[in-house]
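Listed below are the residues making up each chain.
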Amino acid sequence: MHITLIAGARPNFMKIASLVHAIKAAKNAGKDIHYSLVHTGQHYDKNMSDTFFEELNIPMPDANLGCGGGSQAEQTANIMVAFEKYLLEYPTDLVLVVGDVTSTMACSIVAKKLNTKVCHVEAGIRSWDLSMPEEINRMVTDSLADYMFTTSEIANKNLLMAGATLVNSPSPMTNCPLPTLQEEQYAFQRISQRVWYVGNVMIDTLLANRSRFRRPAVFDELQLTDGQYIMMTMHRPANVDEEAHLKALMEQIITNVHGLPIIFPIHPRTAKIFYNLWGDEATLRQLFPNLHIVEPMGYLEFNYMVERAKAVVTDSGGITEETTVMGVPCITLRDNTERPETCTVGTNELIGTDPAAVKPALDILFAGEWKKGAIPALWDGHTAERIVDILLTL
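Residues numbered from 1 in each chain as written. Predicted model: local features only at pLDDT ≥ 70, side-chain atom pairs only at ≥ 80, totals over all residues. Heavy atoms only, no water.

A few words now on helix α11 (residues 243-255). Side chains three or four residues apart in an α-helix point the same way, a direct result of the helix having 3.6 residues per turn. Counted at 1.5 Å a residue, the expected span for α11 with its 13 residues is 18 Å, and the 18 Å between its end C-alpha atoms agrees. Among all positions of α11, only H245, L246, L249, M250, I253 and I254 are buried. Along the axis of α11, the buried residues cluster in a sector spanning 155 degrees; they form a single face. Across from the buried face of α11, at angles greater than 90 degrees, the exposed residues are A244 and T255. (Helix = DSSP H or I, 4+ residues; strand = E, 2+ residues; numbered from the N terminus. Expected span 1.5 Å × (residues − 1). Buried < 20%, exposed > 50% of the residue type's maximum accessible area, 1.4 Å probe, protein only. Arc of directions from axis to C-beta.)

Okay, structure coming up:
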């Protein structure tokens, strides 16, 4: 079996890393399994470099399609054109996509049109917010995938219900009767044969590298101590695109952390808006002396900081999974989440994007009343092994 692994953005490589290691282990054990790694080039990040691949102990991609930049439509089209050429030149048994970036959807469409099987890892997650491009990518990819691997029971149910809805919807152009109970049960059985609840490959990578987390220079430069600083990330348009809203959010966060340092590895997109709003770094230091804006960190350094923080304030999805496993309080500035298990089971709380919600959440944190949380089932570091074992039986 030959598998073509697709990655287009930095989070994808964190998910792909554990799959690469599991495939190599199976091959070394005598299994007939091989892979190629294709980077679509969707996101350019200076941390997506030789150093990054060395950090996660994964090889450089076999191909880089170089499809960065452009609008959503332009990027989707560029990836599809480039990947079609690649797949025609290098046919494969299975195209495996992860997550929900544009590359995930674009490569799935190309593979299906070339009659190649598609496997989606991290299938079934839903925010139900169609204003998010990622939600559209998830829905399209899942509708095409031949095999789907899920991170939670909630994701499993989302996929099962999608299948049931298709069966239970008679055509308005005919008088087709609703299916019988027996037919419904068959539909669920048919869908479930394509869906496996296996756990979270992102957590495989986290646990495999936890002992290797590396203290960044900023930790010593700012004389930080464990549990006495806040980590923050912010990049979603709902939070950063409108200057008045961003200003109100930042002021609420900065003034309600009891003077603790806030470490903010800033996203390039956010940085542009940020400096337009407040001016240069010197001005920011005068206005907000406890806010420390730093360059984006590598995987090992960033998670070193997260693991030791008092809390994380973020609008990311993946970080909420990592904080859940590391037992770190997480305050998420979003109105919805595609990872509800981080809230129902883990340490995450979804507080929305209203700046007025920030102070009450931080008050709970500083009162020592934040929930302890637990780790969702099967987030145990062995998800990729389970996926490869299943693929070898198909």
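Next, the rest of the story.
Right, let's talk about the nonpolar core for a bit. With 58 residues, the main nonpolar core has L5, I16, L19, L96, V121 and M305 as its most contacted residues. Residue contributions to this core peak at 9 residues, all from helix α1 (residues 10-28). Not counting residues within four places of it along the chain, the set of residues in contact with I16 comprises L5, I6, A7, L37, L96 and V98. Judged by nonpolar contacts, the second largest core, of 30 residues, contains F264, F274, A311 and L362. (Core = buried A, V, L, I, M, F, W, Y, C linked by side-chain atoms within 4.5 Å. Contact = heavy atoms within 4.5 Å.)

Bringing unusual backbone geometry into the picture now. Not every positive phi belongs to a glycine, and N115 is a case in point at roughly 60 degrees. Within the secondary structure layout, N115 lies in the loop between α4 (102-113) and β5 (117-123). Backbone geometry at L378 places phi at a positive 70 degrees, although glycine is not the residue there. Residue position: L378 is located in the loop between α17 (358-366) and α18 (383-391).

A separate point is the packing of α1 against α18. Angle between the axes and distance between the axes: these two values describe a pair of packed helices. It is the contact of α1 with α18, at a shortest axis distance of 8 Å, that shows an interaxial angle of 55 degrees. One way to sum up the angle between α1 and α18 is to call them oblique. Note that α1 runs across α18; the crossing there is right-handed. Residues S18, L19, A22, I23 and A26 of α1 touch α18, and the partners they reach there are A384, E385, I387 and V388. Looking at the contact of α1 with α18 residue by residue, the class counts come to 7 nonpolar, 1 polar and 1 charged. (Axes fitted to C-alpha atoms, helices over the stretch in contact; angles between N-to-C directions. Parallel < 35°, antiparallel > 145°, perpendicular 65-115°, else oblique. Left-handed = near helix turned anticlockwise from the far one by under 90°. Nonpolar A, V, L, I, M, F, W, Y, C, P; charged D, E, K, R; others polar.)

Let us look at the side chain of T314. In this structure, T314 sits in strand β11 (residues 311-314). Filtering out sequence-adjacent residues up to four positions away, T314 remains in contact with T233, I319, T320, C330, I331, T332 and L333.

The predicted model of the chain averages 91 in pLDDT, with 91% of residues at 70 or higher. Within the model, the stretch residues 164-176 combines pLDDT values under 50 with 9 contacts to residues more than four positions away or in other chains. (pLDDT = per-residue confidence, 0-100.)

Enumeration over the complete set of coordinates arrives at 20 salt bridges. A salt bridge links R236 to E134, with the shortest nitrogen-to-oxygen separation between them at 3.8 Å. You can see R236 sitting in the loop between β8 (230-232) and α10 (237-240) and its partner E134 sitting in helix α5 (residues 133-144), a full 102 residues away along the chain. A salt bridge links E307 to R308; its shortest N-O distance comes to 3.2 Å. What makes E307 partly exposed here is its relative accessible area of 23%. (Salt bridge = Lys/Arg side-chain N within 4 Å of Asp/Glu carboxyl O.)

A relative accessible area of 14% places R236 in the buried class. Note: C-alpha distance between R236 and R334 (98 residues apart in sequence) is 8.8 Å. Filtering out sequence-adjacent residues up to four positions away, R236 remains in contact with M132, E134, D315, G317, R334 and E338. For R236, the side chain forms a polar contact with the main-chain oxygen of D315, separated by 2.5 Å. (Polar contact = N/O pair within 3.5 Å; in protein donor to acceptor, adjacent residues only side chain to side chain.)

With that out of the way, let us pick up the sheet that holds β11. Taken together, 6 strands build an open sheet; the order of strands is β10-β9-β8-β11-β12-β13 and the sheet is parallel. Two strands bound the open sheet, and with one partner strand each, they are β10 (291-294) and β13 (348-350). Looking at each pair of strands side by side, their axes are set apart by 20 degrees on average, direction ignored. Here strand β9 (residues 262-265) pairs with β10 via 4 bridges, running parallel. Each bridged residue has a counterpart across the sheet, and for I262 the counterpart in β10 is L291. Sitting on the sheet, helix α15 (residues 318-326) is in contact with β11, β12 (330-332) and β13, with an inclination near 170 degrees to β11. (Pairing = 2+ DSSP bridges.)

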